[in-house]
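Structural overview
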Amino acid sequence: MNKPKLIRYIFGLIMIGLMVGVSEWFGEKEIIFPEVAALIIGLWIINKKVWTVSRPMVVLLMTVCALFGVCLVRYSPLPVLANIAISFTFTSLCLFVTRTTLIPVISASMLPVLLGTHSWVYPLSVFSISLILVCVQWAFEKKGLRQVIDFSSNKNHYRHSLWHWMKLLVGLMFIAVFSVYTDKMYIIVPPLVVTFVEFSSSSAGFRNRPVQVFLVLVVFAILGASFQYVLHDVVGLSEVNTVLLLFASLFWFIEVAGEPFAPAFAIALIPMIIPQENVLLYPLQVAGGAALFLFVAMVFFLKCYRWKREYLLVCFVPEFIRSRIFSSAKRIVRLK
């Protein structure tokens, strides 16, 4: 790991620790915005353009969508399912009208709906965090700690129609109905919805690794829940120290394992803001939700059933298993 990247990781730990520390100090869980972990990966750690969006638009979209989510909780008389649909429709229109690809805004709006957050502290926290993130990113580029990247929106290359967003809404609601009526709300936890939209809309390379992405999501959910339960609930470690140890481990993990998947980091942070009696069941629901969302994305949007058999092998068999299969095949050929 080079020195500039190490500095960015350290700043990422400081940012997450500061957010959780302030939350713990004031006793306000609404200050914790799990998607900040994904934004840190996309805006600070990864040295390439992850989302097509300008810095001012990051702050504006995040804040507006967070405000909309809280307003839904405070003023909408409709049931949760309807509010989920309204929240997703609003964020979809925001992305479509602005021609940006900042998919995490979906989480900013939907998180209050799922958790029943009605405090104005939440959108204030989202605004402050987003502003800090883009300012520090700008400083990184000015100091040569991160590659200078043009994050401006290129409207000519925006390719997602309203029809595409409507199909995504149908796919989301198909899973949301099951989640709400079985009272398994973490199946549609916002980072999983972000994963679903990213898989169905992006052309990034992670779409070729669905099994790997699934495993990363589940492992990060297990680690997040385990650290929260064992270190904080059982051992009694403070939340800020727990989250610092957690994300130091996660940052080390992605350096060893390879390419990071931003929504997984938000998945790891959510156990801090859910009722603690649900923490141990959280990874199981995340695993079920991840499987459902990836299945719908791969079959109905990417149409993987049309892919060639060789390509399916590469996509659905993890690399470490493929390498063993190929090694065994080579040994058999040599023996013959």
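Presented here is an overview of the structure given in this document. (Residues numbered from 1 in each chain as written. Predicted model: local features only at pLDDT ≥ 70, side-chain atom pairs only at ≥ 80, totals over all residues. Heavy atoms only, no water.)

Focus: the overall build of the chain
Helix and strand counts for the chain come out as 14 helices and 0 strands. Considered along the principal axes of its C-alpha atoms, the chain spans approximately 70 × 45 × 45 Å. Each of the 336 residues in the chain was classed as buried or not, and the buried ones make up 50%. Total accessible area on the chain stands at roughly 16000 Å², and carbon and sulfur atoms take up 68% of it. Taking the 28 positively charged and 15 negatively charged side chains of the chain as two groups, their mean positions are separated by 15 Å. (Helix = DSSP H or I, 4+ residues; strand = E, 2+ residues; numbered from the N terminus. Buried < 20%, exposed > 50% of the residue type's maximum accessible area, 1.4 Å probe, protein only. Areas by Shrake-Rupley, 256 points an atom, 1.4 Å probe, with all protein chains shown as cover. Lys, Arg positive; Asp, Glu negative; His and termini not counted. Charge placed at Lys NZ, Arg CZ, Asp CG, Glu CD.)

So, the packing of aromatic side chains
By the definition in use, this model includes 13 aromatic pairs. The interplanar angle of 80° and the centroid separation of 6.0 Å between the aromatic rings of Phe-33 and Tyr-122 together place this pair among those described as edge-to-face. Note that Phe-33 is positioned in the loop between helix H1 (3-26) and helix H2 (35-45) and Tyr-122 in helix H6 (residues 121-142), a separation of 89 residues in sequence. Seen in terms of ring centroids, Phe-220 and Phe-265 are 5.0 Å apart; in terms of plane orientation they differ by 90°. Their pairing is edge-to-face. Of this pair, Phe-220 sits in helix H9 (residues 210-234) while Phe-265 is found in helix H11 (residues 262-269), placing the two residues 45 residues apart along the sequence. We note that Phe-220, like Phe-265, is buried. Each member of the aromatic cluster is reached from another via a ring pair, and the members are Tyr-9, Phe-220, Phe-247, Phe-251, Phe-253 and Phe-265. When the ring centre of Phe-96 is taken as reference, the NZ or CZ atom of Arg-99 above it lies at 4.5 Å. (Phe/Tyr/Trp six-rings, centres within 6.5 Å; stacked < 30°, edge-to-face > 60°. Lys NZ or Arg CZ within 6 Å of the ring centre and 35° of its normal.)

A closer look at the layout of surface pockets
Approximately 870 Å³ is the volume found for the largest pocket. Contributions of two or more residues to the lining of the largest pocket are made by helix H8 (190-201), H9, helix H10 (239-257) and H11. Looking at the lining of the largest pocket, its residues break down into 21 nonpolar, 11 polar and 7 charged. (1 Å grid on protein atoms, 1.4 Å probe; cavity = no way out; pocket = protein on both sides within 12 Å on 5 of 7 lines; lining within 4 Å. Points joined across faces, edges and corners; volume = space filled by probe spheres on them. Nonpolar A, V, L, I, M, F, W, Y, C, P; charged D, E, K, R; others polar.)

Some words on a nonpolar patch on the surface
Together, Tyr-229, Val-230, Val-234, Val-235 and Leu-280 give the surface a local cluster of nonpolar side chains, amounting to about 460 Å² of exposed area. Tracing the sequence through the fold places Val-235 in the loop between H9 and H10. Judged by relative accessible area, which is 57%, Val-235 ranks as exposed. (Patch = residues over 30% accessible without salt bridge, like charges linked within 9 Å, V, L, I, M, F, W, Y side chains within 5 Å. Salt bridge = Lys/Arg side-chain N within 4 Å of Asp/Glu carboxyl O.)

As for the pattern of salt bridges
Should the charged atoms of two oppositely charged side chains come close, the side chains can pair. Counted according to the given criterion, the structure contains 4 salt bridges. For Glu-239, the salt bridge goes to Lys-29, with nearest N and O atoms at 2.5 Å. Here Lys-29 lies in the loop between H1 and H2 and Glu-239 lies in helix H10, a separation of 210 residues in the sequence. According to the relative accessible area criterion, Glu-239 is buried, its value standing at 7%. Put simply, Glu-141 and Arg-55 hold a salt bridge, and the shortest N to O gap is 2.6 Å. Within this pair, whereas Glu-141 is found in helix H6, its partner Arg-55 is found in helix H3 (residues 55-75), the two being separated by 86 residues in sequence.

Some points on the packing of H2 against H6
Between H2 and H6, the shortest axis-to-axis distance is 10 Å and the interhelical angle comes to 20°. As summarised for this structure, H2 and H6 are arranged roughly parallel, according to the angle between their axes. Crossing of H2 against H6: the hand is right-handed. Counting all contacts with H2, which are made through Val-36, Leu-39, Ile-40, Leu-43 and Trp-44, the residues of H6 involved are Ile-129, Ile-132, Leu-133, Val-136, Gln-137 and Phe-140. Looking at the contact of H2 with H6 residue by residue, the class counts come to 10 nonpolar, 1 polar and no charged. (Axes fitted to C-alpha atoms, helices over the stretch in contact; angles between N-to-C directions. Parallel < 35°, antiparallel > 145°, perpendicular 65-115°, else oblique. Left-handed = near helix turned anticlockwise from the far one by under 90°. Contact = heavy atoms within 4.5 Å.)

Remarks on the environment of Ser-125
Examined against the element boundaries, Ser-125 turns out to sit in helix H6. If near-sequence neighbours (up to four positions away) are discounted, Ser-125 is found in contact with Glu-30 and Ile-31. In terms of polar contacts, Ser-125 uses its side chain to reach the backbone carbonyl oxygen of Ile-31, at 2.6 Å. (Polar contact = N/O pair within 3.5 Å; in protein donor to acceptor, adjacent residues only side chain to side chain.)

Brief notes about the packing of helix H4 (residues 80-98) against helix H7 (residues 162-181)
H7 packs onto H4 with a crossing angle of 155° between their chain directions and a minimal axis gap of 10 Å. Comparing the axis directions of H4 and H7 gives the class roughly antiparallel. For the pair H4 and H7, the sense of crossing is right-handed. Across the interface between the two elements, Leu-81, Ile-84, Ala-85, Phe-88, Thr-89, Ser-92, Leu-93, Leu-95 and Phe-96 of H4 pack against Leu-162, Trp-165, Leu-168, Leu-169, Leu-172, Met-173, Ala-176, Val-177, Val-180 and Tyr-181 of H7. Looking at the contact of H4 with H7 residue by residue, the classes come out as 17 nonpolar, 2 polar and no charged.

Re empty space enclosed by the protein
This model, assessed by the stated rule, comprises 1 cavity of 30 Å³ or more. Looking at the largest cavity, the residues that line it are Leu-111, Leu-114, Leu-115, Met-185, Tyr-186, Val-189, Pro-190, Ile-270 and Ile-274. Examining the composition of the lining of the largest cavity, we find that 3 residues originate from one element, helix H5 (residues 105-115), more than from any other. Of the residues that constitute the lining of the largest cavity, the class distribution is 9 nonpolar, no polar and no charged.

Here's the deal with unusual backbone geometry
In this structure, Asp-183 is a non-glycine residue whose phi angle is positive, near 60°. In this fold, Asp-183 is placed in the loop between H7 and H8. Phi is positive for Lys-303, close to 50°, though the residue is something other than glycine. Mapped onto the elements of the fold, Lys-303 is located in the loop between helix H12 (282-301) and helix H13 (309-316).

Spatial relationships are all this shows, so hold off on functional conclusions.
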